[in-house]
Amino acid sequence: MSSPATGSWRSSVPEASATDLENLLGTGVGAAQEQLERNGGFLPFALVVQNDDEVRLVAVTPADAAEGTDGDFDADAMIADLTELLRQHRDEFRAAAIVCDITLVEEDSDAIHVAAEHRDGSVFAAVLPYSGDDSGDLHFGDLAADSNEPTVWVD
């Protein structure tokens, strides 16, 4: 998957790492789009490229949302749980990505956010804005690069 969002960062990342990160990005976006189209939303989840080259889905059970909030679950707590789980098992894989649904305040849009990192320190993140129309159809914008800091391979 080479797009304007992925093209510029590749030159500074080892080829094998870039391939892993792009694989996670494409798989994460695809899985999130499928869940959005089928269910109208999705819970945060993670993907990993295991040491044997297999891509695996990692999920956690949602915690109840804090009292007095509108949500049915606490997405931030789920992301924290996913990050901690990935940290605990990071020797079992070489790359990981956390995929979540975010709100782009300035664009007044929702978006799929994928934050990927490699054990060699390479990081990449991207956002894919989306909106629904009155008939319930989803419309996706352009994939764009986003900033990202490592969270799994840090101590």
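The structure presented is a predicted model; accordingly, all values stated were derived computationally and were not measured.

About the criteria used
- Residues numbered from 1 in each chain as written.
- Predicted model: local features only at pLDDT ≥ 70, side-chain atom pairs only at ≥ 80, totals over all residues.
- Heavy atoms only, no water.
- Core = buried A, V, L, I, M, F, W, Y, C linked by side-chain atoms within 4.5 Å.
- Buried < 20%, exposed > 50% of the residue type's maximum accessible area, 1.4 Å probe, protein only.
- Helix = DSSP H or I, 4+ residues; strand = E, 2+ residues; numbered from the N terminus.
- Contact = heavy atoms within 4.5 Å.
- Phe/Tyr/Trp six-rings, centres within 6.5 Å; stacked < 30°, edge-to-face > 60°.
- Pairing = 2+ DSSP bridges.
- Salt bridge = Lys/Arg side-chain N within 4 Å of Asp/Glu carboxyl O.

Asker: Is there a simple way to think about the nonpolar core in this case?
Answerer: Grouped burial of nonpolar side chains is what soluble globular proteins tend to show. With 21 residues, the main nonpolar core has Leu25, Phe42, Val99, Ile112 and Val114 as its most contacted residues. Going through the elements one at a time, helix H2 (15-39), strand S1 (45-50), strand S3 (93-104), strand S4 (109-118) and strand S5 (123-132) are the ones with two or more residues in this core. When residues of this core are assigned to their parent elements, the largest contribution, 6 residues, is made by H2. Among residues more than four places away in sequence, those in contact with Phe42 are Ala32, Gln35, Leu36, Val99, Cys100, Asp101 and Ile112.

Asker: I keep staring at the packing of aromatic side chains and nothing clicks. Help me out?
Answerer: Note on aromatic pairs: each is described by the distance of the centres and the angle between the planes. Taken as a whole and assessed by the stated rule, the structure comprises 3 aromatic pairs. Judged by centre distance (6.1 Å) and plane angle (65°), the rings of Phe42 and Phe45 are edge-to-face. Each of the two residues, Phe42 as well as Phe45, counts as buried. Seen from their ring centres, Tyr130 and Phe140 are 6.0 Å apart, and the 45° between their planes marks the pair as tilted. Of this pair, Tyr130 sits in strand S5 while Phe140 sits in strand S6 (residues 138-140), placing them 10 residues apart in sequence.

Asker: Explain the pairing of strand S2 (residues 55-58) to me, please; I cannot follow it from the model alone.
Answerer: On a regular strand, one side chain projects to one face of the sheet and the next to the other, so that they alternate. Sheet topology note: the S1/S2 ladder contains 4 bridges and is antiparallel. Residue Val48 lies in a different strand from S2, and its bridge partner there is Arg56. Where S1 folds back onto S2 in an antiparallel hairpin, the turn is made up of 4 residues, including Asp53, whose phi is positive at roughly 80°.

Asker: How do you make sense of unusual backbone geometry when you look at a structure like this?
Answerer: Apart from glycine, the bulk of residues carry a negative phi angle, and the bulk of peptide bonds sit in the trans form. Positive phi is not limited to glycine here, since Asp53 has a value of about 80°. Its location among the elements puts Asp53 in the loop between S1 and S2. Overall, Asp53 belongs to the exposed group, its relative accessible area being 52%.

Asker: Sorry, what's going on with the pattern of salt bridges here?
Answerer: A side chain with one charge may pair with a side chain of the opposite charge, provided their charged atoms come close. One pass over the structure, following the stated rule, counts 4 salt bridges. Two residues, Glu34 and Arg38, come together in a salt bridge whose shortest N-O distance is 2.8 Å. Taken together, the positions of Glu34 and Arg38, both in helix H2 and 4 residues apart, correspond to about one turn of that helix. When its relative accessible area of 43% is taken as the criterion, Glu34 is described as partly exposed. Arg38 sits in the exposed class, given a relative accessible area of 54%. With its nearest N and O atoms 3.7 Å apart, the salt bridge here joins Arg56 to Glu54. Classification of Arg56 by relative accessible area gives partly exposed; the value is 39%. The network of salt bridges with common partners includes Asp20, Asp53 and Arg94.

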